[in-house]
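The chain contents come next:
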Amino acid sequence: MEPASGEVEYEPRSVKEVLAEMKDTAELLIDLSFSAVFHGSDDIASEVLALEGKMDVLELQARMSLLMAARSPEDAEELAPVLGVVGAAEKISDAAGDIAKVVLEDIGLPQTMRAALPEAIETLVRVSIADTSPLTGQTLGALNLETETGVRVIAIHRGGDWILNPDKDTDLRVDDRLLLRGPDEGIGSVYEQATGGQYEPPKPPEADDTDLERAVDSIVLMKNMSELAVDLAYGSVLFDSTDVAEEVVELEAEVDALQSRFEAWVLQAASRADDPVSLRGLVHLANSTEVISDAAVEISEGVLRGLGTHPVVEYAVQESDEIIARVTVTGGSAFDGTTLGEEQVETETGMRVIAVRRPPDDWVISPGPNTDIHAGDVLLAKGTRSGAERLEELAGDEPT
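On a predicted model such as this, the values are computed, not experimentally measured, just so you know.

Observations concerning the overall build of the protein chain
Reasoning step 1: The helix and strand tally for the protein chain stands at 14 helices and 10 strands.
Reasoning step 2: Each of the 400 residues in the protein chain was classed as buried or not, and the buried ones make up 50%.
Reasoning step 3: A sequence separation of at least 24 residues applies to 79% of the contacts in the protein chain between residues at least 6 apart.

So this is what it looks like as structure tokens:
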């Protein structure tokens, strides 16, 4: 725990445990920061900065533990990629904090930005449990919110602590701040139960018909590509796959190219804008998003340089809250000889397939609904543990 003075002391925590918590925190920070921009929410932006502070502590704890573990040159070589993963998660955290400051410091964004974001982010809302709420004292398992409403509690802020991986045994208490993700209709129901009030989804403005639209579209695309790069980077670690790691490098290069075009479009727009200073927020968003793609390359650095994957990183990826699963399609299963769209994989399981590996070692990155799948294919997917179990059932794979 962090002392009141702000100093951080060494704790004999498992590196695997700290890395898993850092991965969960970093991914949550990306979601929260862009949600803060979309909602124009100081509250959500403040949660980002609170989590960023938590990440600083986790990074120091991880580095202390790794220093304690390195006793020889061979240990240092094995642990170097782990330090890369730690540093990358911290970079993502800092980038998310910079995005949140665009909101908190009123740096300014054109209305076009907020109009473009709903298609790029999932609805994410913060609610506080009122003392009259029927949710008080109940566990998430008893409430079965995800099945009943489609809403998932992705984190709970309780006092000064965070619960990043609430499970069926996690109880809800008065003044808990829940971070909810799901469809507006379901969120409206949970919001009313939690607060007693009515949820009013934000109404984004119409997109401006200006030259800024191209710049804004490029930021949205940079965001999507950077998040995919992070997912694939963790996948490259899980597979110890140079091929997937090289895809991460390609994505990072594409994000760099997008940023260059973005800068040109913003400069053109600024020359015709009544208030060019109002475009500063866009520049901050683009720079921070590019940092996220750079961090993805750092996660896969050990694989790219032939150092392999340290077991502690692989275990951390497998044991984090939102996991990366690899599932092999077997002959005669529901998936054999069909497409991702026909089987409605994401709808049926809640897992998003981010890559498909075909024997002997070909990859389909960012597969779509028309991507066909056959026996022997390996699906690389991201989602919850329960979703991964359902994916294994449909693919005919034996749980690991």
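There is more to say after this.
Some remarks on the side chain of Gln259
Reasoning step 1: Relative to the assigned elements, Gln259 resides in helix H9 (residues 242-270).
Reasoning step 2: For Gln259, a relative accessible area of 11% puts it in the buried group.
Reasoning step 3: Look past the residues within four positions of Gln259 in its chain and what remains in contact with it is Met222, Ala286, Asn287 and Glu290.

A look at H9
Reasoning step 1: Here H9 is 29 residues long and its end C-alpha atoms lie 42 Å apart, about the 42 Å a rise of 1.5 Å per residue gives.
Reasoning step 2: Looking at H9, one finds that the buried residues are Val244, Ala245, Val248, Leu251, Glu252, Val255, Leu258, Gln259, Phe262, Trp265, Val266 and Ala269.

Thoughts on the pattern of salt bridges
Reasoning step 1: Evaluated as defined, the whole model comprises 18 salt bridges.
Reasoning step 2: Its salt-bridge partner being Asp372, residue Arg358 comes within 3.5 Å of it at the nearest N-O pair. Here Asp372 lies in strand E9 (residues 372-373) and Arg358 lies in strand E7 (residues 352-358), a separation of 14 residues in the sequence.
Reasoning step 3: Judged by relative accessible area, which is 33%, Asp372 ranks as partly exposed.
Reasoning step 4: Two residues, Glu393 and Arg390, come together in a salt bridge whose shortest N-O distance is 3.3 Å.

A look at the packing of aromatic side chains
Between two aromatic rings, the relevant description is the distance of the centres plus the angle of the planes.
Reasoning step 1: Using the criterion set out here, one finds one aromatic pair in the structure.
Reasoning step 2: Judged by centre distance (5.5 Å) and plane angle (50 degrees), the ring pair of Tyr191 and Tyr199 falls under tilted.
Reasoning step 3: Judged by its relative accessible area of 22%, Tyr191 falls in the partly exposed class.
Reasoning step 4: Above the ring of Tyr234, the side-chain terminus of Lys23 is found at 5.2 Å from the ring centroid.

Side note on the environment of Ile187
Reasoning step 1: Summarising the element assignment, Ile187 is placed in helix H7 (residues 184-195).
Reasoning step 2: Taking the relative accessible area as the measure of exposure, Ile187 reaches 0% and is therefore buried.

With respect to the sheet that holds strand E1 (residues 124-128)
Reasoning step 1: If you walk across this open sheet you meet the four strands as E1-E4-E2-E3, and the pairing is antiparallel. In the strand order of this sheet, the two ends are held by E1 and strand E3 (161-163), each with one partner. The average angle at which neighbouring strand axes cross in this sheet is 20 degrees, direction not considered.
Reasoning step 2: Its contacts with the sheet put helix H1 (residues 15-39) on E1, strand E2 (152-158) and strand E4 (177-181), and the angle it makes with E1 is roughly 90 degrees.

A short note on the environment of Ser189
Reasoning step 1: Topologically, Ser189 is positioned in helix H7.
Reasoning step 2: Here the alpha-carbon distance between Ser189 and Leu145, two residues 44 residues apart in the chain, equals 9.9 Å.

Some words on unusual backbone geometry
Reasoning step 1: Of note in this structure, Asn144 is not a glycine but carries a positive phi near 55 degrees.
Reasoning step 2: Inspection of the secondary structure puts Asn144 in the loop between helix H5 (140-143) and helix H6 (145-149).
Reasoning step 3: Looking at Asn144, the relative accessible area reads 32%, which means it is partly exposed.
Reasoning step 4: At Asp175, a position not held by glycine, the phi torsion is positive, near 75 degrees.

A word on the sheet that holds strand E8 (residues 362-365)
Reasoning step 1: Taken in spatial order, the four strands make up an open sheet running E5-E10-E7-E8, and their pairing is antiparallel. Since the sheet does not close on itself, it has two edges, and those belong to strand E5 (323-328) and E8, each with one partner. Within this sheet the neighbouring strands show an average axis-to-axis angle of 20 degrees, counted without direction.
Reasoning step 2: Note: E5 against strand E10 (residues 378-383), six bridges, orientation antiparallel. In the strand pairing of E10, Arg326 is matched with Leu380.
Reasoning step 3: Across the sheet, helix H14 (residues 385-395) touches E5 and E10, and the angle it forms with E5 is around 10 degrees.

Comments concerning the nonpolar core
Reasoning step 1: By size, the foremost hydrophobic cluster in this structure holds 81 residues, and its most contacted members are Leu19 and Leu232.
Reasoning step 2: In terms of residue count, the dominant contributor to this core is helix H8 (residues 212-239) (14 residues).
Reasoning step 3: Beyond its immediate stretch of four places on either side in the chain, Leu232 contacts Val244, Glu247, Val248, Leu251, Ile354, Ala355, Ile365 and Leu380.

Conventions adopted
- Residues numbered from 1 in each chain as written.
- Predicted model: local features only at pLDDT ≥ 70, side-chain atom pairs only at ≥ 80, totals over all residues.
- Heavy atoms only, no water.
- Helix = DSSP H or I, 4+ residues; strand = E, 2+ residues; numbered from the N terminus.
- Buried < 20%, exposed > 50% of the residue type's maximum accessible area, 1.4 Å probe, protein only.
- Contact = heavy atoms within 4.5 Å.
- Expected span 1.5 Å × (residues − 1).
- Salt bridge = Lys/Arg side-chain N within 4 Å of Asp/Glu carboxyl O.
- Phe/Tyr/Trp six-rings, centres within 6.5 Å; stacked < 30°, edge-to-face > 60°.
- Lys NZ or Arg CZ within 6 Å of the ring centre and 35° of its normal.
- Pairing = 2+ DSSP bridges.
- Axes fitted to C-alpha atoms, helices over the stretch in contact; angles between N-to-C directions.
- Core = buried A, V, L, I, M, F, W, Y, C linked by side-chain atoms within 4.5 Å.

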